[in-house]
Amino acid sequence: MKKIEAIIKPFKLDEVKDELNKVGVQGITVSEVKGFGRQKGHTELYRGAEYVVDFLPKVKMEIIVQDDIAEKVVQTIINAARTGRIGDGKIFVCSVEDVIRIRTGERGKDAI
Amino acid sequence: MIMRKYFYAVLILLALMIFNTAGVFAEEAPPAPAVLENAPVPVAPAPAAPAPPKIDTGDTAWVLTSTALVLLMTAPGLAIFYGGMVRKKNILGTVMQSFIILAIISIQWVLWGYSLAFGPDRGGIIGSLDWIGLSGVGLDPNPDYAGTIPHQAFMIFQMMFAVITPALITGAFAERMKFSTFIVFTILWATVIYDPLCHWVWAVGGWLRNLGALDFAGGTVVHISSGVSALATAIVIGKRRGYSMESMAPHNLPLTVIGASLLWFGWFGFNAGSAVSSGALATSAFVVTNTATAAAALAWPLMEWIIKGKPTVLGAASGAVAGLVAITPASGFVGPVSAIIIGAVAGILCWFAVTTIKSAFGYDDSLDAFGVHGVGGTWGAIATGLFASKAVNSAGNDGLFFGNPSLVVTQLIAVAVTWVFAFVVTFIILKVLDAIMGLRVSDEDEVLGLDLTQHGESGYNL
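For the structure given in this document, a descriptive report is provided here.

Definitions and cut-offs
- Residues numbered from 1 in each chain as written.
- Chains lettered and ligands numbered in written order.
- Predicted model: local features only at pLDDT ≥ 70, side-chain atom pairs only at ≥ 80, totals over all residues.
- Heavy atoms only, no water.
- Helix = DSSP H or I, 4+ residues; strand = E, 2+ residues; numbered from the N terminus.
- Rg over C-alpha atoms; globule rule 2.2 N^0.38 Å.
- Buried < 20%, exposed > 50% of the residue type's maximum accessible area, 1.4 Å probe, protein only.
- Contact = heavy atoms within 4.5 Å.
- Areas by Shrake-Rupley, 256 points an atom, 1.4 Å probe, with all protein chains shown as cover.
- Core = buried A, V, L, I, M, F, W, Y, C linked by side-chain atoms within 4.5 Å.
- Expected span 1.5 Å × (residues − 1).
- Bend = angle between axes of the 7 residues up to and from the residue.
- Polar contact = N/O pair within 3.5 Å; in protein donor to acceptor, adjacent residues only side chain to side chain.
- Pairing = 2+ DSSP bridges.
- Axes fitted to C-alpha atoms, helices over the stretch in contact; angles between N-to-C directions.
- Salt bridge = Lys/Arg side-chain N within 4 Å of Asp/Glu carboxyl O.
- Nonpolar A, V, L, I, M, F, W, Y, C, P; charged D, E, K, R; others polar.
- Phe/Tyr/Trp six-rings, centres within 6.5 Å; stacked < 30°, edge-to-face > 60°.
- Left-handed = near helix turned anticlockwise from the far one by under 90°.

### Some thoughts on the overall build of chain A
Phase 1 of the analysis: In terms of regular secondary structure, chain A is built from 2 helices and 6 strands.
Phase 2 of the analysis: Listed N to C, the secondary structure of chain A is β-α-β-β-β-β-α-β in terms of helices and strands.
Phase 3 of the analysis: For 112 residues, the compact-globule estimate of 2.2 N^0.38 gives 13 Å, and the C-alpha radius of gyration of chain A, at 17 Å, exceeds that figure by more than 25%.
Phase 4 of the analysis: Expressed along its principal axes, the backbone C-alpha trace of chain A runs to roughly 60 × 30 × 20 Å.
Phase 5 of the analysis: Within chain A, the fraction of its 112 residues that count as buried is 29%.
Phase 6 of the analysis: Excluding contacts between residues fewer than 6 apart, the proportion of contacts in chain A whose partners are at least 24 apart in sequence is 72%.
Phase 7 of the analysis: Of the roughly 7300 Å² that chain A leaves accessible, carbon and sulfur atoms contribute 49%.

Below is the structure:
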């Protein structure tokens, strides 16, 4: 099993979610996060006072899938989230040792 | 020890109040009825005594409504206009300053403020204490000020002006003033600066009024006085910790926009109410007030758009207030097209003052009380000398553009006098208070915020 963690532009969330539904992803965890990469921050201007805002708002998605569809999920996210401009985000993939459904105690792929 | 000292001070103040009130009651004892026992029986009907001034219900209704509108300008208007612009740890401290001034000056005005400002003249400089505790300020009209409304209606309308003026200054020392010192400062400032200045400009016998200076609704009395005092305050109290090093961005601009909108709304009472009647003059003042404000609310963000690339919401709200300030002294004397020019210039001038002059000199006028009220008020007072027209108000005068250059000179004198008086006396008051009580909260309290350290509360418990 793989965990796919994607940092994307917030306005792309709905599009990515819809595309992931189509390829059979059954659950997504989403959080609003802030950070900076190559895009860096932006400046805000209040009555002439300029403030540099370092951290930009992004959305982080966490998805656990079976190994066989992991690559497909990654491709789906890339296709849906890409604008071609700086700041589109990143995807991290790592192995997951176990998954447990709390209600039933099921483990492994049954619990996904 | 310090607490005890305050306690005694409060006791003495209370004692003074009670003493004064007792005196007032004595004076209010009804005069002996003029019975006819000594009067000769009239042979022919005596010539009719001059009819007592008659109360006009329409005028009274408008002035009382305007009074409530001007109250709305201070709280919640100004309170949240300023409250949205500070950091979130200071919103309660900022809102509280406006709110508590409303309470303090309401009492000060009844006890001695109105008497000093409008009481019987003493040498053109100050009102006497004859009207202390509103003694003799009754429900019959006072034709000196407003012949068609009860004297007390005029008094309470003026009270709301006395309330908002010190509240405007709070923008300069926002986020760092000690609450106890702030209260003492407010009472002293109202008594030593506002009341005399109000007398000079508006009271019968006041020397600036006799000079012919025009100030329809408070350009000098309210806006230059508070704006210039704000500048003195910003200089004396010093910058906020971390000024120009860390972000001091406004924490809630929607609140600021609502506040600016309430100021705009309430200002119809401020300017149109200053006609102290509900007829043509009030309407004219109402129209030019809205017109100038709109022009300024466009001019300020337009400048930002041209120079910096984006029109800001804070700029639009600030521009509106700058326009309101500038049209205030002129509102009863100018026509609508003049109002557009006055407003547009105000928007540009105040934008320039706030974005360029402030950073050039480096004082921390936190919420731009000087940049908006000092600069806008000064422009408005001078503009009155340029654009005033007797065609709008026959009781006014013609300005430079209507063939009378002398009015500009008179206006400049009034502006200069107000600048010097407000700056010097505020400076002295603050220096004295700094030595006795201290102006600023401690560094630690400033970092923690006024909400927690001055009031023991948090603005947001979400």
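### Side note on the nonpolar core
Phase 1 of the analysis: Among the nonpolar cores identified, the biggest contains 109 residues, and B:F81, B:W109, B:Y114, B:F118, B:F185, B:Y194 and B:F270 are the most heavily contacted of them.
Phase 2 of the analysis: The dominant element in this core, judged by the number of residues it contributes, is helix α4 (residues 151-169) of chain B, at 13 residues.
Phase 3 of the analysis: When neighbours within four sequence positions are excluded, B:W109 is seen to be in contact with B:Y114, B:A117, B:F118, B:M155, B:Q158, B:M159, B:A162, B:Y194 and B:D195.
Phase 4 of the analysis: Counting 16 residues, the second largest nonpolar core, distinct from the first, contains A:L20, A:V25, A:V59 and A:V73.

### Regarding unusual backbone geometry
Residue and element names in this part refer to chain B.
Phase 1 of the analysis: A cis amide bond links A75 with the next residue in sequence, P76, at an omega value of 10 degrees.
Phase 2 of the analysis: With respect to the element layout, P76 can be found in helix α2 (residues 57-83).
Phase 3 of the analysis: Look at S244: it is not a glycine, yet its phi comes out positive at around 65 degrees.
Phase 4 of the analysis: The exposed category is assigned to S244, whose relative accessible area is 65%.
Phase 5 of the analysis: Even without being a glycine, D368 presents a positive backbone phi close to 65 degrees.
Phase 6 of the analysis: The buried category is assigned to D368, whose relative accessible area is 3%.

### Looking at α2(B)
All names here are of chain B.
Phase 1 of the analysis: Along its 27 residues, α2 runs 38 Å from first to last C-alpha, staying within 8% of the 39 Å computed at 1.5 Å per residue.
Phase 2 of the analysis: Largest kink in α2: about 35 degrees, centred on G77.
Phase 3 of the analysis: The N-cap residue of α2 is D56: its side-chain oxygen and the backbone nitrogen of G58 are 2.8 Å apart.

### Examining the sheet that holds strand β2 (residues 29-35) of chain A
All names here are of chain A.
Phase 1 of the analysis: With respect to topology, 4 strands assemble into an open sheet ordered β2-β5-β1-β6, the strand pairing being antiparallel. Lying at the two open borders of the sheet, with one neighbouring strand each, are β2 and β6 (89-95). Each neighbouring strand pair of the sheet contributes to a mean axis angle of 20 degrees, computed without reference to strand direction.
Phase 2 of the analysis: Along the sheet face, helix α1 (residues 13-22) touches β1 (2-8), β2 and β5 (56-65) and points at about 10 degrees away from the line of β5.
Phase 3 of the analysis: Packing of helix α2 (residues 67-81) onto the sheet brings it into contact with β1, β5 and β6, and relative to β1 it is tilted by some 5 degrees.

### Some details on the interface of chain B and chain A
Quoted interface sizes are often the accessible area lost when the parts come together.
Phase 1 of the analysis: With 17 residues of chain B at the contact, the number on the chain A side is 6 residues.
Phase 2 of the analysis: For the pair chain B and chain A, the interface holds 2 salt bridges.
Phase 3 of the analysis: B:D368 is the salt-bridge partner of A:R47, the closest N and O atoms lying 3.0 Å from each other.
Phase 4 of the analysis: Summed over the shared surface of chain B and chain A, the number is 4 residue pairs in polar contact (both at pLDDT 80 or more).
Phase 5 of the analysis: Secondary-structure elements contributing two or more residues to the side of chain B that touches chain A are α9 (280-308), α10 (313-327) and α11 (336-361) of chain B.
Phase 6 of the analysis: Across the side of chain B that touches chain A, the residue classes tally to 10 nonpolar, 4 polar and 3 charged.

### What about the packing of aromatic side chains?
Two measures describe an aromatic ring pair: the distance that separates the ring centres and the angle between the ring planes.
Residues and elements named next belong to chain B.
Phase 1 of the analysis: By the definition in use, this model includes 26 aromatic pairs over all chains.
Phase 2 of the analysis: Aromatic side chains Y363 and F370 sit 6.4 Å apart centroid to centroid with 75 degrees between the ring planes, which places their arrangement in the edge-to-face category. F370 shares its class with Y363; the two are buried.

### A closer look at the pairing of strand β4 (residues 49-53) of chain A
Residues and elements named next belong to chain A.
Phase 1 of the analysis: Relative to β4, strand β3 (residues 42-46) is paired through 5 bridges, and the arrangement is antiparallel. Bridging from a neighbouring strand, E44 pairs with Y51 of β4.
Phase 2 of the analysis: Taken together, β3 and the strand that follows it, β4, pair antiparallel across an intervening segment of 2 residues, in which R47 is found at a positive phi of about 50 degrees.

### Details of the packing of α1(A) against α2(A)
All names here are of chain A.
Phase 1 of the analysis: Remark: α1 packs on α2, axes separated minimally by 9 Å, with the N-to-C direction vectors making an angle of 145 degrees. With respect to the hand of their crossing, α1 and α2 are arranged in right-handed fashion. For the pair formed by α1 and α2, the contact residues are E15, V16, E19 and L20 on the first element and V73, T76, I77, A80 and A81 on the second.
Phase 2 of the analysis: A breakdown of the residues in the contact of α1 with α2 according to their chemical character gives 6 nonpolar, 1 polar and 2 charged.

### Structural notes on the pairing of β1(A)
Residue and element names in this part refer to chain A.
Phase 1 of the analysis: Among the 7 residues in β1, 5 count as buried, and that is most of the element.
Phase 2 of the analysis: Across 7 bridges, the pairing between β1 and β5 is antiparallel. Looking at the pairing, K2 lines up with V65 of β5.
Phase 3 of the analysis: Bridge count for β1 against β6 is 7 bridges, and the pairing is antiparallel. Counterpart to I4 in the pairing with β6 is V93.

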